[in-house]
Amino acid sequence: MSDDLHSLSGAFVLDALSDGERADFEVHLGRCETCRDEVDSLRGVTPLLAETVAVSPPPALRADIMAAIRTTRQDPPVVDEPAAAEPVAAEPVAAEPAVAQSDTEAPTETNVVPLRRRVSRQWAALAAAAALVVGGGVTWQVVEQATTSISDQVLEASDAQTWQATTDDGGTVRVVRSDQMGKAVLRVEGLADPGSGKAYQAWLQDSSGSMVSAGMMTTTDGEMLLEGDVEGAAGVGLTKEPAAGSPQPTSAPVALIALG
Amino acid sequence: MYLVPPPPDHDSPYDHSMVDRTSGRGAGEPLADRLRQVAKGDEDAFAALYDETAPRVHGLILRVLRNPSQSEEVTQEVYLEVWRGATRFDPSKGSAIGWLLTMAHRRAVDRVRASQSATVRDDTWHARSRDVAFDTTAEQATARIEARRVRSALDGLTQVQREAVSLAYLGGYTHTEVASLLDLPLGTAKTRIRDGLIRLRDQLGVTP
């Protein structure tokens, strides 16, 4: 199993893994220093490969792009702000301190308020709402048992617990967690197309309320192994982000699930 | 997300003498400085960055997607993302060109896989029969000394390694698709890809 994962390093660097393999390998990377070093060193090769296929784009494209950036606002720099949102598990009234705190920091809300701060208010409010709506775990019968990936092992675990939410578009988002394995799988069905250049990104909310990326959900129907500390997570969120991923959520969640 | 090690320790993070020519890595990399300017809204720096990198970015996307108008769309998306997200570039985590090309390749591959059942990949026969020996765009590329060096390193690989690396990176195929295209037993393409990359790394003197 482990040897098998090691051998995926090259394909990982070249984006030649399926979504599931990619998720599994990313988890493996977090634990395997040998693979991290190898991936780091192999990353230096790809820019050189790109040299061999260099082609100048049409001049009109340069003009289009220069015109486009003139009307595009840039993202603010990433700064460490403590406590991005209130913990999901908090009671509804707990949303208030977060709002009040934001207000002290930014007395007047103008269009220069960082999007992140505005989003964190929505997170807090929605988190409180979700805590009321989403119930406890129900056992979810697993049908497919084709392979033995980590995701499948979680789905098949005897202690697997499931939480479920429905998006505004009618899509289904499920979180399946095995406490014995200390891992969780996010499974989505029928999500709306995130749009060109966008993808869904999963987030774990920790007990302090901070949002930490749990990986990219690169499909609208499928599943991924959540990265990060799923045992300590109070909730799981899903937002639309640029396909390359964001360091923090930049849009309101399409789904938010409290893990109770 | 972009896993590369920090540059070697040295006093000034923006010391131009520390640029590593091979990987383009080093905090004093001119492109990294440009990105810092871009992050502050400098349109001239963005134009210069575009001029310096567009052939590689666009060439890579075009090679993966093959469709010129789709490739222009994706190239535009990548540069808009560079403009918006320049603040997220961290020189301690890798080279600027690596950051850009990783984004470009990922987007191209995402586009391919999102429309797998649609027109983009309908030309399976063409994919099978097309040249994978790195020479279709040789004319444009040989002008670059670096490209010639890479080409000669590629010649040092076994044919299977060369084709596997090429189909995966420049063709945008998954390793299982590569196995099928090269009639390799399932599960061996990933090993050929890894062996090929390691050999290229060693021959080209890429230092992490």
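Keep in mind that this is a model prediction, so the values were computed, not measured.

*Asks:* Looking at this structure, I do not really get the packing of aromatic side chains. What am I missing?
*Replies:* The description of two aromatic rings rests on the distance between their centres and on the angle between their planes. Residue and element names in this part refer to chain B. Applying the stated criterion across every chain yields a total of five aromatic pairs over all chains. A centroid spacing of 6.3 Å and a plane angle of 90° characterise the contact between Phe 46 and Tyr 79, whose relative ring orientation is edge-to-face. Highlighted residues: Phe 46 in helix H2 (residues 43-65) and Tyr 79 in helix H3 (residues 68-85), separated in sequence by 33 residues. Comparing Phe 46 with Tyr 79 shows no difference in burial state: the two are buried. A centroid spacing of 5.4 Å and a plane angle of 55° characterise the contact between Phe 89 and Trp 99, whose relative ring orientation is tilted. Of this pair, Phe 89 sits in the loop between H3 and helix H4 (96-114) while Trp 99 sits in helix H4, placing them 10 residues apart in sequence.

*Asks:* Would you mind going over the environment of Val 78 of chain B with me for this structure?
*Replies:* Residues and elements named next belong to chain B. Mapped onto the fold, Val 78 is located in helix H3. Assessed through its relative accessible area of 0%, Val 78 is described here as buried. With near-sequence residues (within four places) excluded, Val 78 lies in contact with Val 57, Ile 61, Leu 100, Met 103, Ala 104 and Arg 107.

*Asks:* Quick question: what am I supposed to make of the interface of chain B and chain A here?
*Replies:* The extent of an interface is frequently quoted as the accessible surface area lost upon association of the parts. With 75 residues of chain B in contact, the opposing surface of chain A contributes 61 residues. Carbon and sulfur atoms supply 64% of the area buried between chain B and chain A, which totals about 6100 Å² over both sides. Across the contact surface, chain B and chain A share six salt bridges. Looking at which element gives the most residues to the side of chain B that touches chain A, the answer is H2 of chain B, with 13 residues. Looking at the side of chain B that touches chain A residue by residue, the class counts come to 38 nonpolar, 15 polar and 22 charged.

*Asks:* Would you mind going over the pattern of salt bridges with me for this structure?
*Replies:* Once their charged atoms are close, side chains differing in charge can pair, the charge on each being opposite to the other. Per the stated rule, a full pass over the model turns up 20 salt bridges over all chains. We note a salt bridge from Arg 22 of chain A to Asp 15 of chain A, for which the minimum N-O separation is 3.6 Å. Assigned by exposure class, Arg 22 of chain A and Asp 15 of chain A land together as buried. Note that Arg 88 of chain B is salt-bridged to Asp 75 of chain A, the shortest N-O span being 2.9 Å.

*Asks:* Can you help me understand the pairing of strand E4 (residues 198-205) of chain A in this one?
*Replies:* For a regular strand, side chains alternate in direction, first toward one face of the sheet and then toward the other. All names here are of chain A. Judged by how many residues are buried, E4 sits mostly within the fold: seven of eight residues are covered. Note: E4 against strand E7 (residues 235-242), eight bridges, orientation antiparallel. Bridged to Ala 199 within E7 is Glu 241. Across six bridges, E4 lies against strand E5 (residues 211-217) in antiparallel orientation. Of the residues in E5, the one forming a bridge with Leu 204 is Val 212. The hairpin formed by E4 and E5 contains five residues between the paired strands, and Gly 209 there has a positive phi angle of roughly 100°.

*Asks:* So what exactly am I meant to see when it comes to the packing of H2 of chain B against H4 of chain B here?
*Replies:* When two helices pack together, their arrangement is captured by the angle between the axes and the distance separating the axes. Residues and elements named next belong to chain B. Remark: H2 packs on H4, axes separated minimally by 9 Å, with the N-to-C direction vectors making an angle of 25°. Of the possible angle classes, the one that applies to H2 and H4 is roughly parallel. Seen along the crossing, H2 lies across H4 with a hand that is right-handed. Contacts between H2 and H4 involve Thr 53, Arg 56, Val 57, Leu 60, Ile 61, Val 64 and Leu 65 from the former and Ile 97, Leu 100, Leu 101, Ala 104, His 105, Ala 108, Arg 111 and Val 112 from the latter. Class assignment of the residues belonging to the contact of H2 with H4 gives a composition of 11 nonpolar, two polar and two charged.

Reading the values: the criteria
- Residues numbered from 1 in each chain as written.
- Chains lettered and ligands numbered in written order.
- Predicted model: local features only at pLDDT ≥ 70, side-chain atom pairs only at ≥ 80, totals over all residues.
- Heavy atoms only, no water.
- Phe/Tyr/Trp six-rings, centres within 6.5 Å; stacked < 30°, edge-to-face > 60°.
- Helix = DSSP H or I, 4+ residues; strand = E, 2+ residues; numbered from the N terminus.
- Buried < 20%, exposed > 50% of the residue type's maximum accessible area, 1.4 Å probe, protein only.
- Contact = heavy atoms within 4.5 Å.
- Buried area = accessible area lost by both parts, 1.4 Å probe.
- Salt bridge = Lys/Arg side-chain N within 4 Å of Asp/Glu carboxyl O.
- Nonpolar A, V, L, I, M, F, W, Y, C, P; charged D, E, K, R; others polar.
- Pairing = 2+ DSSP bridges.
- Axes fitted to C-alpha atoms, helices over the stretch in contact; angles between N-to-C directions.
- Parallel < 35°, antiparallel > 145°, perpendicular 65-115°, else oblique.
- Left-handed = near helix turned anticlockwise from the far one by under 90°.

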